[in-house]
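The residues making up each chain are set out below.
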Amino acid sequence: MTQPQPQDKLIIYALNQELCEITPEEYDANPQEAVFVTNAVNAQLAIEKASIAYNGELNLQNIEFCKIESLQECIVGTLDIPKLPDVKGSRFKVIILINQKNIVIIDNEAFSSNIINRIKRNRNTQGQSREMFIYNFMTQLMSRDLSVLGQYEHTIMRMEEELEDGKSDNFQTKLSPIRKELLILRSYYDELVDMSKQLEENENNFFAEKKLKYFGIISDRADRLLGRTIHLLDYSSQVKDTYQSRVSEQQNKNMQFLTVISTIFYPLTLITGWYGMNFHNMPELANGYPAVILLSVVVVVACIIIFKIKKIIL
């Protein structure tokens, strides 16, 4: 994925059948429904030109969640978007303001401009209304997420296969970052579901009733991504449990081996302790060394035979 270049100017797209870029002068001469894309420096200018009444904070660095807030004069939304596939790294931060006519998108990295360019390339019906534009914008925003989740699934499946083959080196080191990234994505998709449902509620009546279905589609798509992420988290937990079972099984085998060794050599400890007393009346004291060796060998062989009969050792 190419890195977006910094957004350094005000771009205006007229909301027609196709998203047509127009100049500020053309907009002033013929005000119409439009999307204004700019950075934080020119945000106030874009808001005034779009006739959006908003006096709140416009600090992109303070964005931590995806959310929607319905005010009396406008709708304010923030997007805190993980950069795929580097989910744990820095994020794209976007502010969206909507009134009954226009949309203003504030983005310092031109991420939104790239999304709009993708809409222009891939969509026949690009943005003849605010509802359609938001639908296209959000679906393009999530268009690559399913393939990314598929990569996570393949990675976990490959780790499971390696585990079945007895290759468990650095398993925890490999799985832990994947689970953390999936947890981040789960929170992100959960926020998108809430955000789209709030748009569908149309609290301010800014959107046409018959076009609210677009927000329902966004909600369903985000919900499917959320469900897929939860499934992958459950799958990774199952693989982790399998790994823990293998580790416990190996530890039990090691303990069993040590127990068998201890049991075999415990009689020898008793024998050596007994004959190590060196009492004068012990008949074997003078020439008992070979007899003790023979006794020790017999005891060890007898223990091994008994353990094999009881299938304690193979």
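Residues numbered from 1 in each chain as written. Predicted model: local features only at pLDDT ≥ 70, side-chain atom pairs only at ≥ 80, totals over all residues. Heavy atoms only, no water.

Colleague: Account for the pairing of strand 3 (residues 34–38), with residues named and values stated.
Modeller: Across the five residues that make up strand 3, a large majority, five, are buried. The alternating pattern of strand 3 places A34, F36 and T38 on one face and V35 and V37 on the opposite face, and all of these are buried. Bridging between strand 1 (residues 11–15) and strand 3 involves four bridges; their strand directions are antiparallel. When the bridges of strand 3 are listed, I11 appears paired with V37. As judged from the four bridges shared by strand 3 and strand 7 (residues 103–107), these two strands associate in the parallel manner. Of the residues in strand 7, the one forming a bridge with T38 is I106. (Buried < 20%, exposed > 50% of the residue type's maximum accessible area, 1.4 Å probe, protein only. Helix = DSSP H or I, 4+ residues; strand = E, 2+ residues; numbered from the N terminus. Pairing = 2+ DSSP bridges.)

Colleague: I'd love a proper account of empty space enclosed by the protein, names of residues and values included.
Modeller: Here the structure, examined in full by the defined rule, presents two cavities of 30 Å³ or more. Looking at the largest cavity, its volume works out to about 90 Å³. Around the largest cavity, the lining residues are I68, G77, I96, I98, I103, F133, I134, F137, M138, M195 and L199. Looking at the lining of the largest cavity, the elements with two or more residues in it are strand 6 (91–98), helix 4 (130–141) and helix 6 (171–201). For the lining of the largest cavity, the element with the highest residue contribution is helix 4, accounting for four residues. Residue classes in the lining of the largest cavity are distributed as ten nonpolar, one polar and no charged. Lining the second largest cavity are M159, E162, K167, D169, F171 and K174. Listing elements by their share of the lining of the second largest cavity, those giving two or more residues are helix 5 (145–164) and helix 6. Classifying every residue of the lining of the second largest cavity by side-chain character gives two nonpolar, no polar and four charged. (1 Å grid on protein atoms, 1.4 Å probe; cavity = no way out; pocket = protein on both sides within 12 Å on 5 of 7 lines; lining within 4 Å. Points joined across faces, edges and corners; volume = space filled by probe spheres on them. Nonpolar A, V, L, I, M, F, W, Y, C, P; charged D, E, K, R; others polar.)

Colleague: Report on the sheet that holds strand 1, specifying residues and quantitative values.
Modeller: The strand order 2-1-3-7-6-5-4 describes an open sheet built from seven strands, whose pairing is mixed. Since the sheet does not close on itself, it has two edges, and those belong to strand 2 (19–22) and strand 4 (67–70), each with one partner. In this sheet, adjacent strand axes meet at a mean angle of 20° when their direction is disregarded. Pairing analysis gives four bridges linking strand 4 to strand 5 (residues 75–82), with the strands arranged antiparallel. Within the sheet, the bridge partner assigned to I68 lies in strand 5 and is G77. On the sheet, helix 3 (residues 111–122) packs against strand 1, strand 2, strand 3, strand 5, strand 6 and strand 7 and is oriented at approximately 35° with respect to strand 1. Packed on one face of the sheet, helix 4 meets strand 1, strand 2, strand 3, strand 5, strand 6 and strand 7 and runs near 30° to strand 7. (Axes fitted to C-alpha atoms, helices over the stretch in contact; angles between N-to-C directions. Contact = heavy atoms within 4.5 Å.)

Colleague: Summarise a nonpolar patch on the surface; cite the residues concerned and give the values.
Modeller: There is a patch of nonpolar side chains on the surface, built from M255, F257, L258, I261 and F265 and spanning about 510 Å² of accessible area. Assignment of secondary structure puts L258 in helix 7 (residues 213–275). Under the relative-accessibility criterion, L258 is labelled partly exposed at 49%. (Patch = residues over 30% accessible without salt bridge, like charges linked within 9 Å, V, L, I, M, F, W, Y side chains within 5 Å. Areas by Shrake-Rupley, 256 points an atom, 1.4 Å probe, with all protein chains shown as cover. Salt bridge = Lys/Arg side-chain N within 4 Å of Asp/Glu carboxyl O.)

Colleague: Can you lay out the confidence of the model for the protein chain for me, pointing to particular residues and giving the numbers?
Modeller: Scored by pLDDT, the protein chain comes out at a mean of 88, with 91% of its residues at no less than 70. Looking at the elements of the protein chain, mean pLDDT is at its lowest for helix 8 (residues 289–309), recorded as 77, and at its highest for strand 7, recorded as 97. (pLDDT = per-residue confidence, 0-100.)

Colleague: Talk me through the packing of helix 5 against helix 6; I want residue IDs and the actual numbers.
Modeller: Running from N to C, helix 5 and helix 6 cross one another at 155°; their axes reach a closest spacing of 12 Å. On the basis of the axis angle, helix 5 is roughly antiparallel to helix 6. Of the two possible hands of crossing, helix 5 and helix 6 adopt the one that is left-handed. Across the interface between the two elements, D145, L149, Y152, T155, I156, M159, E162 and L163 of helix 5 pack against F171, K174, L175, I178, E181, L182, L185, Y188 and Y189 of helix 6. Its residues assigned to classes, the contact of helix 5 with helix 6 comprises twelve nonpolar, one polar and four charged. (Parallel < 35°, antiparallel > 145°, perpendicular 65-115°, else oblique. Left-handed = near helix turned anticlockwise from the far one by under 90°.)

Colleague: An account of the environment of G166 is requested, with residue identities and associated values reported.
Modeller: Along the chain, G166 falls in the loop between helix 5 and helix 6. G166 sits in the exposed class, given a relative accessible area of 59%. Residues G166 and Y135 lie 31 residues apart in sequence; the distance between their C-alpha atoms is 47 Å.

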